[in-house]
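# What the coordinates show
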Amino acid sequence: MEQRYHAFTNGEITEYVSWKDTEGNEINASDGGMIYVDGVYHWYGQKLRALPFAPKGKGGQVTTEGVVMYRSEDLYNWTYEGVILPCSKDPNSPLYGPMRFERPKIIYNERTKKYVLWCHYVAYPGDHGDEPGTGEAGIASCDTVNGTYEWHGTTRPIDDLGSVKDSTLYKDRDGKAYFIYDRKVGDDRCTHIVELSEDYLSCTDHYRRVQEAYWREAATPMYHDGWYFIFTSGLTSWKANPAKYYRAKSLMGPWTEMGDPYEGDVTGTSFESQSTYVFPVEGKPGLFIHMAERHNTENFERCSYIWTPVEFPTKDSVVLRYRKTWQWETFGEQHV
Ligand code: DGJ
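Only a predicted model underlies this, so the values are computations on that prediction, with no experimental measurement involved.

Here we take up the pattern of salt bridges. Taken as a whole and assessed by the stated rule, the structure comprises 24 salt bridges. Across the pair R323 and E311 runs a salt bridge whose closest N-O atoms are separated by 3.0 Å. Separated by twelve residues along the polypeptide, R323 in the loop between β21 (319–320) and β22 (325–326) and E311 in strand β20 (residues 304–311) bring together distant segments of the chain. No difference in accessibility class separates R323 from E311, as the two residues are buried.

Given below as structure tokens:
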């Protein structure tokens, strides 16, 4: 059964709109990202656990299946490509579920010709913590974007003291790549940006503690016209909170706090969502889509996806305006 869609549908801010794939199944690709390869967008994320295994409001924020991927040529119609980083059925495996591949992100390494995935890894049974195995950076890679990724294990950037919380990857225009994460040492939680090795499979010792982004998570970076921007959320677990963004001329700073990017967000909830990724739309210079997720704590399998265009009131600032529905082709000609 092929479904056809022609717009992004975020819905009312109290709604969990179903985004369906071309087979009519719910898209379940939590806190993921997007990679464009040879004319095709690939949207991937962690497949959150389905009911009835996840009792109401509890235990759904883990996976027993892994990271999944969908493909589309128009950004509206998504065909399921399958599990690209599977959980294991072997209780002795580090990938035995329920566990977490939270916030997986994929970038391509031109030198090694590999697609490299990093995530916030939490071992079975998937409970966040500071002990080894409960807050790590997980690494995998693959020769093709949508193949089965090989697991390379975990690491803690900088040193073993700091556990890894919400994380992302950023590939810069010069080919250097960075692991960006909320580093937690006791009560000290701060955004850190760590340069990766040339093969993107490990961290170097070149990093920046972004003190301005203290007690922030869900870091979501982008670059446009001379400026780096990072969207972040506060720390209220799965409950939505006001976003803040930061800007800098260089990834290594200095960073400046710029306030809440969500225009008109009177409820202080980032329109009931949390940032996950920003990507440029091919063939539309200057158009970036901000991917966010409306976490559904009653049923994590039914989270919703909130995509909005990033708008630039000035060269050095950004705004996110909520749209119940919109189309990328005509963005700029449309009214809110
Ligand atoms: C843990 C955070 O507390 C949540 O807000 C959310 O970002 C999840 N991680 C999902 O990545």
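The next subject is unusual backbone geometry. Between G97 and P98 the backbone carries a cis peptide bond, its omega angle lying at 0 degrees. Structurally, P98 can be placed in the loop between β5 (79–86) and β6 (100–109). Looking along the chain, the bond that leaves Y124 and enters P125 is cis, with omega of 5 degrees. In this structure, P125 sits in the loop between β7 (114–122) and β8 (136–142).

Right, let's get into the site of the ligand. What surrounds the ligand is the set D31, E102, R103, H128, D166, E217, S237, W238 and Q274. Between the ligand and S237 there is a distance of 2.4 Å, counted from an oxygen atom to a backbone nitrogen or oxygen. A distance of 2.9 Å separates an oxygen atom of the ligand from a polar atom in the side chain of Q274. Considering the ligand on its own, with 290 Å² of exposed area, one finds that the protein chains cover 94% of that surface. The class makeup of the residues in the shell around the ligand is one nonpolar, three polar and five charged.

This model, assessed by the stated rule, comprises 32 aromatic pairs. Arranged with centres 4.8 Å apart and planes meeting at 55 degrees, the rings of F8 and Y76 form a pair that is tilted. One end of the pair, F8, is in strand β1 (residues 8–9); the other, Y76, is in the loop between β4 (66–72) and β5, and 68 residues separate them in sequence. On the basis of relative accessibility, which here comes to 1%, the residue F8 falls in the buried class. Ring plane angle 75 degrees and centroid distance 4.8 Å describe the contact between W238 and F300, whose orientation is recorded as edge-to-face. With W238 in the loop between β15 (227–233) and β16 (244–248) and F300 in the loop between β19 (288–294) and β20, the pair connects residues that are 62 residues apart, well separated along the chain. The residues W238 and F300 share a single accessibility class, namely buried. Over the ring of Y223 we find R173, and its NZ or CZ is 3.7 Å from the ring centre. Above the face of the W227 ring, K249 is positioned so that its terminal group lies 4.4 Å from the ring centre.

Here four strands make up an open sheet; going across it, the order is β2-β3-β4-β5 and the pairing antiparallel. Edge strands, defined here as strands with exactly one partner in the open sheet, are β2 (30–37) and β5. Sheet twist, expressed as the average angle between the axes of neighbouring strands with direction ignored, equals 25 degrees. Bridge count for strand β3 (residues 40–46) against β4 is six bridges, and the pairing is antiparallel. Pairing of Y44 across the sheet is with M69, part of β4.

Membership of the largest hydrophobic core comes to 45 residues, with the highest contact counts inside it found for M34, W43, L75, Y149 and W307. In this structure, M222, Y262, V278 and A292 belong to the second largest nonpolar core, which totals 16 residues.

Moving on, we come to the state of the cysteines. Applying the stated rule across the entire model yields zero disulfides. C87 takes part in no disulfide bond, and the closest cysteine sulfur, belonging to C119, lies 10 Å away.

Attention now goes to the confidence of the model for the protein. Caution is warranted with low-pLDDT regions, since their predicted coordinates should not be read in detail. On average, residues of the protein score 95 in pLDDT, and 96% of them are at 70 or above. When pLDDT is averaged over each helix and strand of the protein, the minimum, 97, is found for β22 and the maximum, 99, for β8.

Rules behind the numbers
- Residues numbered from 1 in each chain as written.
- Predicted model: local features only at pLDDT ≥ 70, side-chain atom pairs only at ≥ 80, totals over all residues.
- Heavy atoms only, no water.
- Salt bridge = Lys/Arg side-chain N within 4 Å of Asp/Glu carboxyl O.
- Helix = DSSP H or I, 4+ residues; strand = E, 2+ residues; numbered from the N terminus.
- Buried < 20%, exposed > 50% of the residue type's maximum accessible area, 1.4 Å probe, protein only.
- Near = heavy atom within 4 Å.
- Polar contact = N/O pair within 3.5 Å; in protein donor to acceptor, adjacent residues only side chain to side chain.
- Areas by Shrake-Rupley, 256 points an atom, 1.4 Å probe, with all protein chains shown as cover.
- Nonpolar A, V, L, I, M, F, W, Y, C, P; charged D, E, K, R; others polar.
- Phe/Tyr/Trp six-rings, centres within 6.5 Å; stacked < 30°, edge-to-face > 60°.
- Lys NZ or Arg CZ within 6 Å of the ring centre and 35° of its normal.
- Pairing = 2+ DSSP bridges.
- Axes fitted to C-alpha atoms, helices over the stretch in contact; angles between N-to-C directions.
- Core = buried A, V, L, I, M, F, W, Y, C linked by side-chain atoms within 4.5 Å.
- Disulfide = S-S within 2.5 Å.
- pLDDT = per-residue confidence, 0-100.

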